[in-house]
Amino acid sequence: MPISSLPSPHGIGTMGKAAYDFADFLAAAGQKYWQLLPLGPTSYGDSPYQSFSSFAGNPYFIDLDLLVKDKLLTRAEVNACDWGDDPRYVDYGKIYASRFTLLEKAKTRGFTRDREAVAAFERENERWLPNYALFMALKRHFGMKSWTEWDDEDIRCRTSGEVIERYRAELREDVELFTYIQFLFFRQWEALKAYIHSLGIRIIGDLPIYVAMDSADVWAEPEMFQLDEHNVPTEVSGVPPDCFSEDGQLWGNPLYNYEAMAKDGFGWWIRRIGGAQKLYDVIRIDHFRGFESYWAIPYGETTAKNGRWVKGPGMSLVGVLTGWFRDLDFIAEDLGYPSPEVVQLLSDSGLPGMKVLEFAFDSRDPSDYLPHSCNFNSICYTGTHDNAPLALWRTEADKADIAFAKKYLGLNDEEGFNAGIIRGGMSCQSRLFVAQMQDYLGLGKGCRMNTPGTSSGNWQWRMLSGDTPKTAVFRYISAEYYELYLYFDRKRELGIALLSLFQFTGVTVCCSPVQRGRLPPLADHFHVQQ
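Predicted model only: the values in this text are computed from it and were never measured.

**Focus: the sheet that holds strand E8 (residues 329-332)**
Part 1 of the reasoning: The sheet built from four strands is open, its strands ordered E1-E2-E5-E8 with parallel pairing. Each edge of the sheet is formed by a strand with only one pairing partner; in this case those strands are strand E1 (33-35) and E8. Taken pair by pair, the neighbouring strands of this sheet meet at an average axis angle of 25 degrees, ignoring direction.
Part 2 of the reasoning: In this structure, E1 lies alongside strand E2 (residues 202-207), joined through three bridges in parallel fashion.

Right, here's the structure in full:
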């Protein structure tokens, strides 16, 4: 459940009341984890996977009601803004037009008042914050153009410390603004995180494997990336053509200069994971296979067809991260068609991989994503942000795949399609099961978070305040299906053998919850005034 998707009267989910209410809801429903999308500031396309910084927080998530309470804004100022017409979707254009105007007013009232706390915050984050604040100030100065298009080559290429300090002085007001925005973000985030922890819930965050070209990360440390003498990429990231896309996917991120990174023991990566650790308890590493080998596409290509596989750092990097951050849990996003080398890297790392149920029921090929095939060292999902919600998948997937799912899991109208899929995930051996909120709510068309390979209409879905199911539904499903897990855990050999029969017979091997009582209908749990 992304922060952006929480209900809010101000156009996008925030770290305010709805986030606290949702945490209360999860605790009351017996849940132990809340998985989020990346929390960084978004750039063109509004994707959380294309951020201006690996360390900064998204200004859109700063709760305006909390700023009113802190006397940094007035209620009239907040209410005067146009946040969009449809509470189901984020209107990023209107958010962008209003949010920073309000945050500038907050900075005018609060920067001097909070000077000591801001100074302490700057000291704690001196490795990244000064570069980020100056980077954003420079983007404003140059009309929000990508840094590769800035008119002044000296600052674009950071030719001297004198140039950097001259611009820092010239753009002092904006540098202070973006510093204060981060101060506000982390103050709100740390309070929310502490509250979530007090409820016994851990936070799973997402770490994009690549950083955006138009980011403070690349501008400040170009030597860590595969750029030429003019700071232009030589090759960029993506994935090759497959059955989903004949052109492949051209992501366009700059590739890492792993040779340069290795010189100091991958300090750049240690700092990056250290920054993520301030936000999350568990980190899902996106596109884990890129550590084994990555698809490199010549810069300037319009598709991903003409790329090539290049060997990655493998365990020389992964081992450093798992060894350095022993108190941090990782999840390896190993989806797709992994090569034997990727399988070996995952095994060597000891990290849990992912099992996605929407990929399990391909009627043409055997799958190790089927519930009975999921090993303990894995995380099972109904789908990810890149997949359709179950209700939409049911209408879009091959009919033979849906028929296989129905037969395998013994799906029926009384239990419900979504509840049956969730039952399958909860009864597998994976150490953790995660479902999209849309799947619990039964939402389908118009509620997909992202469609890979498309550039518009993504990252907009929001939960309405009346969407949330009663905690009793979650607690009922969780408790009943956990009993299934314990049953098969006690009877492991028999359980696995019986589950294996599913793919051939469709037999339901134990009492499902609906046989003891019909699942109660969904109803709202908390309300936020729209």
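**A short note on the packing of helix H6 (residues 129-141) against helix H9 (residues 172-198)**
Working note: a packed helix pair is described by the angle between its axes plus the distance between those axes.
Part 1 of the reasoning: Two numbers describe how H6 lies on H9: the axes approach to 8 Å, and their chain directions differ by 125 degrees. By the angle class used here, H6 and H9 are oblique. Judged by the twist between their axes, the crossing of H6 over H9 is right-handed. Contact with H6, carried on its side by Leu129, Tyr132, Ala133, Leu134, Met136, Ala137 and Arg140, involves Asp174, Val175, Leu177, Phe178, Thr179 and Gln182 of H9 and no other residues of that element.
Part 2 of the reasoning: Taken together, the residues of the contact of H6 with H9 break down into nine nonpolar, two polar and two charged.

**Notes on the sheet that holds strand E4 (residues 249-254)**
Part 1 of the reasoning: If you trace the four strands from one edge of the open sheet to the other, you get E4-E3-E6-E7, paired in antiparallel fashion. Two strands close off the open sheet at either side, each with one partner strand: E4 and strand E7 (308-311). Across the sheet, the mean angle from the axis of one strand to that of its neighbour is 50 degrees, orientation sign disregarded.
Part 2 of the reasoning: Bridge count between strand E3 (residues 235-239) and strand E6 (residues 293-298): two bridges; the pairing is antiparallel.

**Remarks on the packing of aromatic side chains**
The way to describe two aromatic rings as a pair is by their centre distance and the angle between their planes.
Part 1 of the reasoning: In this structure the tally under the stated criterion is 39 aromatic pairs.
Part 2 of the reasoning: Between Phe135 and Trp219 the ring centres are 5.9 Å apart and the planes differ by 40 degrees, which places this aromatic pair in the tilted class. You can see Phe135 sitting in helix H6 and its partner Trp219 sitting in helix H10 (residues 216-220), a full 84 residues away along the chain.
Part 3 of the reasoning: Among the residues examined, Phe135 registers a relative accessible area of 0% and is labelled buried.
Part 4 of the reasoning: Cation over ring: Lys107 sits above Phe111, and NZ or CZ is 5.3 Å from the ring centre.
Part 5 of the reasoning: Its guanidinium or amino end placed over the ring of Trp219, Arg158 lies 4.3 Å from that ring's centre, counting from NZ or CZ.

**Details of the pattern of salt bridges**
Part 1 of the reasoning: A complete count under the given rule lists 29 salt bridges for this structure.
Part 2 of the reasoning: We note a salt bridge from Arg75 to Asp65, for which the minimum N-O separation is 2.6 Å. Of this pair, Arg75 sits in helix H3 (residues 75-79) while Asp65 sits in helix H2 (residues 64-69), and the two are 10 residues apart along the sequence.
Part 3 of the reasoning: According to the relative accessible area criterion, Asp65 is partly exposed, its value standing at 28%.
Part 4 of the reasoning: Of the charged contacts, one joins Lys94 and Asp85 as a salt bridge, the two residues approaching to 3.7 Å between their closest N and O atoms.
Part 5 of the reasoning: Each member of the salt-bridge network shares a partner with another, and the members are Asp70, Arg113, Asp114 and Arg187.

**Thoughts on the side chain of His372**
Part 1 of the reasoning: Looking at the secondary structure, you find His372 in the loop between strand E9 (353-356) and strand E10 (378-381).
Part 2 of the reasoning: With a relative accessible area of 13%, His372 lands in the buried category.
Part 3 of the reasoning: Separated by 3.4 Å, the side chains of His372 and Ser373 make a polar contact.

**Some remarks on the environment of Tyr167**
Part 1 of the reasoning: Tracing the chain through its elements places Tyr167 in helix H8 (residues 161-170).
Part 2 of the reasoning: Residue class for Tyr167 comes out buried when judged on its relative accessible area of 6%.
Part 3 of the reasoning: Sequence separation between Tyr167 and Leu134 is 33 residues, and the spatial gap between their C-alpha atoms is 8.1 Å.
Part 4 of the reasoning: Once you skip the residues sitting within four places of it in the chain, Tyr167 turns out to touch Leu134, Leu138, His141, Phe142, Asp152 and Ile155.

Reading the values: rules and limits
- Residues numbered from 1 in each chain as written.
- Predicted model: local features only at pLDDT ≥ 70, side-chain atom pairs only at ≥ 80, totals over all residues.
- Heavy atoms only, no water.
- Pairing = 2+ DSSP bridges.
- Helix = DSSP H or I, 4+ residues; strand = E, 2+ residues; numbered from the N terminus.
- Axes fitted to C-alpha atoms, helices over the stretch in contact; angles between N-to-C directions.
- Parallel < 35°, antiparallel > 145°, perpendicular 65-115°, else oblique.
- Left-handed = near helix turned anticlockwise from the far one by under 90°.
- Contact = heavy atoms within 4.5 Å.
- Nonpolar A, V, L, I, M, F, W, Y, C, P; charged D, E, K, R; others polar.
- Phe/Tyr/Trp six-rings, centres within 6.5 Å; stacked < 30°, edge-to-face > 60°.
- Buried < 20%, exposed > 50% of the residue type's maximum accessible area, 1.4 Å probe, protein only.
- Lys NZ or Arg CZ within 6 Å of the ring centre and 35° of its normal.
- Salt bridge = Lys/Arg side-chain N within 4 Å of Asp/Glu carboxyl O.
- Polar contact = N/O pair within 3.5 Å; in protein donor to acceptor, adjacent residues only side chain to side chain.

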